[in-house]
Amino acid sequence: MSDKIETTGHLWDENLAELTNQPPGWWMLGLYSSLAFMIIYAILYPTIPLVTTYTKGIMGWTAVKEYKQDLASLDEIRSKYEAQLPSKSVAEILADEDLSQYVVRSAKVLFGDNCAACHGTGGAGNPSYPVLVDDDWLYGGAIDIIHQSITNGRKPMMPRMGMAGQELTEAEVDTLANTIHNGTVVSEPLYTSKGCVGCHTPQGTGMQAIGSADLTDKIWRFAAEDQLDGIKYTINHGVNDPSDPKTRNAEMPKFGGTKLSDTDIKKLAVYVHKLGGGQ
Ligand code: HEC
Ligand code: HEC
């Protein structure tokens, strides 16, 4: 640099001087434009607090107004879809890509409020409640079956078969439990002779009409820390057997009628179907 810039005369540490030159042009531009922005903003929008009120700005903007406008446009989008739901069957809703996407979004909260307490967040399951995200179904993963499960509820029944005075001796319960545990129950003669076959089918895979579990897939409806003991317990005490106070309780409550509207149930059926296991 040829011409020397003036200093303020202060010198720190013997060689650190303060110069008097102007800040660079880009910096001044930034300063003036932010000043201009402040002034324009203050004219347009609510800005300066006064003693009991504040400057309102000429745009008439308020946060509440903006919120209401957003809500109104959301309602408009929603009502376009909501209007179609009452007259459509669950299968029709499912077949409509656009509509079912809307339904899944709006059913998330419904599921959280009504179902997650038992079935876990997002249907991932809880101990002794079925998982809804896999393709293992007690009653079936077809959309109409899921719709029925939610509308009418489910209350399966298996009589207690073991313990004093019942069908099976303790040794027989052990035998059956062990073969169920290792997945070979259908080759066990007791399975047929003691009547398990009538509800669990000759293949052991269960009947979806009555929700009798598959005894060959090693997916446990009643998971237990010691699974062998858990199986024995089910055989001994049955499921929802009113004659045994220690019976397993398994009831899916009925949501049709007064608990949820028909439309909400349709939404939930589509939501559950789309969780991943729908058939
Ligand atoms: C009080 C607990 C509870 C609540 C709340 C509940 N469920 Fe269930 N649900 C169950 C039980 C228990 C079963 C299994 C019944 C059985 O063992 O046969 C079940 C079964 C089901 C099934 C059948 C699963 C299959 O494998 O076929 C579906 C679908 C289902 N529930 C959906 C829902 C939806 C959707 C909601 C919310 C609207 C809901 N459930 C709320 C307890 C509950
Ligand atoms: C009247 C019909 C019926 C008969 C008879 C019956 N079961 Fe069941 N069983 C069921 C139903 C229904 C379920 C599923 C309950 C549910 O969905 O929560 C079940 C569930 C089970 C389970 C639990 C499976 C799991 O995944 O946790 C076992 C184990 C079992 N049964 C074994 C037997 C054996 C062994 C016999 C014969 C000694 C037998 N059952 C006879 C209806 C029956």
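Attention in this report is confined to the structure presented alongside it. Source: prediction; values computed, not measured.

### So, helix 4 (residues 97–114)
So, point 1. Taking 1.5 Å per residue as the helical rise, helix 4 with its 18 residues ought to reach 26 Å, and the 25 Å between its terminal C-alpha atoms agrees with that figure.
So, point 2. The sharpest bend along helix 4 measures roughly 35 degrees and falls at Ala107.
So, point 3. Of all the positions in helix 4, only Leu99, Ser100, Tyr102, Val103, Val104, Ala107, Leu110 and Phe111 are classed as buried.
So, point 4. Between a side-chain oxygen at the N-terminus of helix 4 and the backbone nitrogen of Asp98 the separation is 3.2 Å; the capping residue is Asp96.

### Thoughts on the site of ligand 1
So, point 1. Around ligand 1 sit 23 residues in total, of which Cys115, Cys118, His119, Tyr139 and Met252 are the nearest.
So, point 2. Between ligand 1 and His119, the relevant distance is 2.8 Å, taken from a nitrogen atom to a side-chain nitrogen or oxygen of the residue.
So, point 3. Between an oxygen atom of ligand 1 and a side-chain N or O atom of Arg221, the distance comes to 2.9 Å.
So, point 4. Those elements that place two or more of their residues in the shell around ligand 1 are helix 5 (116–119), helix 6 (143–152) and helix 11 (262–274).
So, point 5. The biggest single contributor to the shell around ligand 1 is helix 6, with three residues.
So, point 6. Taken together, the residues of the shell around ligand 1 sort by class into 17 nonpolar, four polar and two charged.

### Examining the site of ligand 2
So, point 1. Around ligand 2 sit 26 residues in total, of which Met158, Cys196, Cys199, His200 and Arg221 are the nearest.
So, point 2. Residue assignment for the shell around ligand 2 shows that the elements contributing at least two residues are helix 7 (170–181), helix 9 (196–200) and helix 10 (227–237).
So, point 3. When the residues that make up the shell around ligand 2 are grouped by side-chain class, the tally is 20 nonpolar, five polar and one charged.

### Considering the coordination of the iron atom of ligand 1
Each angle at a metal carrying four tetrahedral donors should ideally be 109.5 degrees, and each at a metal carrying six octahedral donors should ideally be 90 or 180 degrees.
So, point 1. On the protein side, the iron atom of ligand 1 has His119 (NE2) and Met252 (SD) as donor atoms, found 2.0 to 2.1 Å from it.
So, point 2. Around the iron atom of ligand 1, the six donor atoms are arranged such that angles at the metal cover 87 to 179 degrees; this shape is classified as octahedral. Placement of His119 in helix 5 and of Met252 in the loop between helix 10 and helix 11 is noted, with a sequence separation of 133 residues between them.
So, point 3. By relative accessible area, His119 is classed as buried at 9%.
So, point 4. Residue classification places Met252 among the partly exposed residues on the basis of a relative accessible area of 22%.

### Overview of the coordination of the iron atom of ligand 2
So, point 1. At the metal site, the iron atom of ligand 2 is ligated by Met158 (SD) and His200 (NE2), and these contacts range over 2.0 to 2.1 Å.
So, point 2. Taken together, the six donor atoms surrounding the iron atom of ligand 2 define angles of 87 to 179 degrees at the centre, an arrangement classified as octahedral. In this pair, Met158 sits in the loop between helix 6 and helix 7 while His200 sits in helix 9, placing the two residues 42 residues apart along the sequence. One exposure class covers both Met158 and His200, and it is buried.

About the cut-offs
- Residues numbered from 1 in each chain as written.
- Chains lettered and ligands numbered in written order.
- Predicted model: local features only at pLDDT ≥ 70, side-chain atom pairs only at ≥ 80, totals over all residues.
- Heavy atoms only, no water.
- Helix = DSSP H or I, 4+ residues; strand = E, 2+ residues; numbered from the N terminus.
- Expected span 1.5 Å × (residues − 1).
- Bend = angle between axes of the 7 residues up to and from the residue.
- Buried < 20%, exposed > 50% of the residue type's maximum accessible area, 1.4 Å probe, protein only.
- Polar contact = N/O pair within 3.5 Å; in protein donor to acceptor, adjacent residues only side chain to side chain.
- Near = heavy atom within 4 Å.
- Nonpolar A, V, L, I, M, F, W, Y, C, P; charged D, E, K, R; others polar.
- Donors = N, O, S within 2.8 Å, 3.2 Å for Na, K, Ca; no water.
- Tetrahedral: all angles 85-135°; square planar, octahedral: opposite > 155°, others 65-115°.

Keep in mind these numbers describe shape, not what the thing actually does.
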